[in-house]
Amino acid sequence: MSETGAGAGDVAATAAVAAAGWRRAGFAGAAIGVLAAGAAAGVAVERLTVGRGMRKKARLALDASGPYGSLRGRPGRAVADDGTELYYEVDEAEPDAALGPVGAEGDGAGGGGGTGPRRRRLFGGKAPGPVTVVFSHGYCLNQDSWHFQRAALRGLVRTVHWDQRSHGRSERGRAQADGVPLGIDQLGRDLKAVIDAAAPEGPLVLVGHSMGGMTMMALADRHPELIRDRVAAVAFVGTSSGKLGEVNFGLPVMGVNAVRRVLPGVLRALGSQTELVERGRRATADLFAGLVKRYSFGSRDVDPAVSRFAERLIESTPIDVVAEFYPAFTEHDKSGALPAFRDVPVLILAGDRDLVTPSSHSEAIADRLPDAELVIVPDAGHLVMLEHPQTVTDRLADLLVRSGAVPAEEP
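Being a predicted model, the structure only gives us computed values, none of them experimental.

Cut-offs and rules
- Residues numbered from 1 in each chain as written.
- Predicted model: local features only at pLDDT ≥ 70, side-chain atom pairs only at ≥ 80, totals over all residues.
- Heavy atoms only, no water.
- Helix = DSSP H or I, 4+ residues; strand = E, 2+ residues; numbered from the N terminus.
- Buried < 20%, exposed > 50% of the residue type's maximum accessible area, 1.4 Å probe, protein only.
- Arc of directions from axis to C-beta.
- Contact = heavy atoms within 4.5 Å.
- pLDDT = per-residue confidence, 0-100.

Caption draft 1: View of unusual backbone geometry. Phi is positive for Lys243, which is not a glycine, with a value near 65°. Tracing the sequence through the fold places Lys243 in the loop between strand E6 (231–237) and helix H10 (253–271). Here the phi dihedral of Asp379 falls at roughly 55°; this positive angle occurs in a residue that is not glycine.

Caption draft 2: Examining helix H15 (residues 359–368) more closely. Residues of H15 that are buried include every one of Ser359, His361, Ser362, Ile365 and Ala366, and no others. Buried residues of H15, viewed axially, fall in a sector of 155°; they line one side. Residues of H15 that are buried sit in contact with helix H8 (211–222), E6, strand E7 (346–351) and strand E8 (373–377).

Caption draft 3: Region of the structure containing the environment of Gly381. Mapped onto the elements of the fold, Gly381 is located in the loop between E8 and helix H16 (384–387). For the pair Gly381 and Lys293, spaced 88 residues apart in sequence, the C-alpha to C-alpha distance is 9.2 Å.

Caption draft 4: Broad picture of the confidence of the model for the protein. Mean pLDDT for the protein: 82, with 71% of residues reaching 70 or above. Confidence drops under pLDDT 50 across residues 1–50; counting only partners more than four residues distant or on other chains, this segment forms 70 contacts. Confidence drops under a pLDDT of 50 for residues 97–108, and excluding neighbours within four residues, the segment shows 24 contacts in the predicted structure.

Put into structure tokens, the structure is as follows:
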């Protein structure tokens, strides 16, 4: 058999394994099997000339050599109102004396290049004031999804990166373990607990991607006084204030209607059979990689190491957590909380090819915050901060200057 035939056969066989495994979950599982088989057709197009063994070796090599997600800070734990321990890390700003000679900035993979060159490029050499930038990540990710921005700002400004409940190194939500449904309001209360523990005083800049941005809206809804008194600036990245139930995920009308009907039942069924589904996810790694690429990125030339990093972030989220969080998004509506941000500088940034939280949702936020800066990044998908890291980092640096957190360069 030719290599082309073998590649297509591998994908078809993978789809068959997925469908067979998921059928054991009942009707809802069968629906996922159909979706998997359909996804295989799309994945096969770019897998035809690469054998499964070679793809597996490539993933292992990228896992071993990829520097992404390697940055660590001073660890801490906050306690949510239901007792859940939330993991965070703090990167402290270095004193001005740490400014080094002008040199190469480095690629941002490991925070190389020295604070001096990075400070000069981002802030014109000015030192940030006593501000803390709090980064909140999205659904099925963790704090490492901000790797490039963390590398660029490391040592220049105090930052806090935290893992949302049941994600990353944070504890599984205790209330959810007791059967309490998860809502975005809970995540807002979690963010307040992290702020109280990691940045109890001083000005704040809040940055949130996708679910992280929704978390910030929930915080503002419950604690508008915190936004008024302490928040110096806000950045919403690839997020939404509501109406997520209307997103079509790039599918035709008939397809998206079918998915909406069966998906809640599918996730409940799969979430109840975690071990079986996790085995299925491992067996269908090629399909999973194709789906991650389609729904994470908008351009075709994404660095394979970055694409694999995104896979690792998403595949590390257990299926029962995926199922647990999903209903919260269809119920999410925090457009009424947006006016709390009217008096602070706001950056709203999204990819023009985002299939998860389309850029129209960012435009809707901008309609409620007419003084905000709206940036739609060309050829960018949902994980815009990984796909176009310098664009996102530069816009965040501009926001810090615009908010006064970093003094503007003198004329």
